[in-house]
Amino acid sequence: MGNRLSKIYTRTGDDGSTGLGDGSRVPKDSPRVAAYGTVDELNSTIGMVLACDGLPDEVREALTQVQHELFDLGGELCIPGMVMIEESDIARLEQVLDRFNDPLPALKDFILPGGGMAAASCHLARTVCRRAEREVVALGREEKVRPQAPRYLNRLSDLLFVLCRVLARASGHGEALWQHERRRKPAPAAD
């Protein structure tokens, strides 16, 4: 990057526009900016997970790799026509997901966000990931988006869900299950 970021403010965005990686300018609220901005937000929330104490090494390793790939994805979305996310990235996510998911017991109920600070932070990252996916799909309705981008985010949200379960168990907090039965009303008493 050289001296590219030696000056942080440029004033060029004061008019409500921003520069894309190819030099073109778009409104700051354009679907493209919303998409790569939400990917950046997702990367930040994963950073919050990584900042938690006691994170298992294999989770730290997996999420650090994801952060690099999210930076690549942000670049792909910021520079129209750029290719960064490959099928191999999606396949790797699937392998990591399977490795973490296989030892977990089957789910019979929905899980409430929580399970300790790391798991709760991972739940936040999971929901931001789903929003990033929606933003990329919305962008794809207006401009060309490679199919690998939303597929990567879809698979990543699945991985983050599994990691929420792993982290809740690793912390000793366990998973908080949704108590759907609490809404069932007792049968009326016979007169």
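One structure accompanies this document, and this report is about it. None of these values were measured; they are calculated from a predicted model. (Residues numbered from 1 in each chain as written. Predicted model: local features only at pLDDT ≥ 70, side-chain atom pairs only at ≥ 80, totals over all residues. Heavy atoms only, no water.)

A few words on the overall build of the protein. The helix and strand tally for the protein stands at five helices and four strands. Order of helices (α) and strands (β) in the protein, N terminus to C terminus: β-β-α-α-α-β-α-α-β. Counting every position in the protein, which comprises 191 residues, the buried fraction comes to 40%. In the protein, the share of contacts with a sequence separation of at least 24, taken over all contacts with a separation of at least 6, comes to 72%. Total accessible area on the protein stands at roughly 11,500 Å², and carbon and sulfur atoms take up 53% of it. (Helix = DSSP H or I, 4+ residues; strand = E, 2+ residues; numbered from the N terminus. Buried < 20%, exposed > 50% of the residue type's maximum accessible area, 1.4 Å probe, protein only. Contact = heavy atoms within 4.5 Å. Areas by Shrake-Rupley, 256 points an atom, 1.4 Å probe, with all protein chains shown as cover.)

Turning our attention to the pattern of salt bridges. Oppositely charged side chains can form a pair if their charged atoms are brought close together. Here the structure, examined in full by the defined rule, presents ten salt bridges. Put simply, glutamate 41 and arginine 131 hold a salt bridge, and the shortest N to O gap is 2.9 Å. Here glutamate 41, found in helix α1 (residues 31-50), pairs with arginine 131, found in helix α4 (residues 117-142); they are 90 residues apart in sequence, far enough to count as distant. Here glutamate 41 falls in the partly exposed class, since its relative accessible area comes to 34%. Given a relative accessible area of 27%, arginine 131 falls into the partly exposed group. Shared partners join several salt bridges into a network, and the residues in it are Arg130, Glu133 and Asp158. (Salt bridge = Lys/Arg side-chain N within 4 Å of Asp/Glu carboxyl O.)

This part is about the side chain of threonine 45. On the secondary structure map, threonine 45 appears in helix α1. On the basis of relative accessible area, threonine 45 is assigned to the buried category, the value being 7%. Ignoring sequence-local partners within four residues, the contact set of threonine 45 consists of Leu124, Ala125 and Val128.

Its 20 residues give α1 an end-to-end C-alpha distance of 29 Å, which sits within 8% of 28 Å, the value for a rise of 1.5 Å per residue. Those residues of α1 that sit buried are Arg32, Val33, Ala35, Tyr36, Thr38, Val39, Leu42, Asn43, Thr45, Ile46, Val49 and Leu50. (Expected span 1.5 Å × (residues − 1).)

Once that is clear, we can look at the packing of α1 against helix α2 (residues 57-78). Where α1 contacts α2, the axes come no closer than 9 Å and their chain directions differ by 165 degrees. Our classification of the angle between α1 and α2 gives roughly antiparallel. With respect to the hand of their crossing, α1 and α2 are arranged in left-handed fashion. Contacts between α1 and α2 involve Arg32, Ala35, Tyr36, Val39, Leu42, Asn43, Ile46, Gly47, Val49 and Leu50 on the former and, on the latter, Arg60, Leu63, Thr64, Val66, Gln67, Leu70, Phe71, Leu73, Gly74, Glu76, Leu77 and Cys78. Looking at side-chain class alone, the contact of α1 with α2 contains 14 nonpolar, five polar and three charged residues. (Axes fitted to C-alpha atoms, helices over the stretch in contact; angles between N-to-C directions. Parallel < 35°, antiparallel > 145°, perpendicular 65-115°, else oblique. Left-handed = near helix turned anticlockwise from the far one by under 90°. Nonpolar A, V, L, I, M, F, W, Y, C, P; charged D, E, K, R; others polar.)

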